[in-house]
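Understanding the architecture of this molecule
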Amino acid sequence: MQGNKVGFFYSYRASIGALGIISLFFAYDLIVDIRQGELDSAHFWFETLMFGMTVVLLLAQIRLVRSLHSGLRQQQEKVSRLTGELMQRIEQRFGEWNLSKSEQEVGLLLIRGFSMKEIAEIRGVKEKTTRHQATSLYAKSGLANRYELTSYFIEDLLSAASRDDTTQTSAR
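Residues numbered from 1 in each chain as written. Predicted model: local features only at pLDDT ≥ 70, side-chain atom pairs only at ≥ 80, totals over all residues. Heavy atoms only, no water.

Attention now goes to helix 4 (residues 116–123). At 3.6 residues per turn, the α-helix brings residues three or four places apart onto the same side. Buried residues of helix 4: Met 116, Ile 119, Ala 120 and Arg 123, and no others. Looking straight down helix 4, one finds its buried side chains confined to an arc of 100°; they lie on one side. More than 90 degrees from the buried face of helix 4, the exposed residues found are Lys 117 and Glu 121. Where helix 4 ends, the next residue or the one after it, Gly 124, has phi of about 70°, a positive value. (Buried < 20%, exposed > 50% of the residue type's maximum accessible area, 1.4 Å probe, protein only. Helix = DSSP H or I, 4+ residues; strand = E, 2+ residues; numbered from the N terminus. Arc of directions from axis to C-beta.)

Attention now goes to helix 5 (residues 127–141). The first and last C-alpha atoms of helix 5 sit 21 Å apart over 15 residues, in line with the 21 Å expected at 1.5 Å per residue. Among all positions in helix 5, only Thr 130, Gln 133, Ala 134, Ser 136, Leu 137, Tyr 138 and Ser 141 are buried. Downstream of helix 5 by one or two residues, Gly 142 has phi in the positive range, about 80°. (Expected span 1.5 Å × (residues − 1).)

Overall, the prediction assigns the chain a mean pLDDT of 87, with 87% of residues at 70 or greater. Taken element by element, the predicted model of the chain shows its lowest mean pLDDT in helix 6 (residues 146–171) (75) and its highest in helix 5 (97). (pLDDT = per-residue confidence, 0-100.)

Below you can see the structure in the form of structure tokens.
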């Protein structure tokens, strides 16, 4: 998906570049026509019209790209803020559940979708130890498994995003 976004912006840059080159061509041709005194010809007025339309399209493209960049920047800031809020919420809940440091590490890795084997490898412990810590985390939290753990926090994230969207919509 990221590749499509990059290609999308490159295509707009390419169209801006092409319109800029076309505008320069028409501007040069108009200057040549003026120097040759061809101000009364249909050719001159047609090129003037084409030059004007090309410049208008160029300015519209530039404005669109700026708007898209601004919107993208706002969305990136929103994602960053929501991610920070989610991490705060996770840390807060882990504290309320009195999880040990090891249980918190396992919990974060479970939420991120790692398998028990992968978590054990990342942490440099045996898989049995990881499973024991996960079981302890579930018991302290009152949740049954990794899916409930993950959905518990995803609900918070979706609720925060929904509240944020509602706030932005009402502010418009």
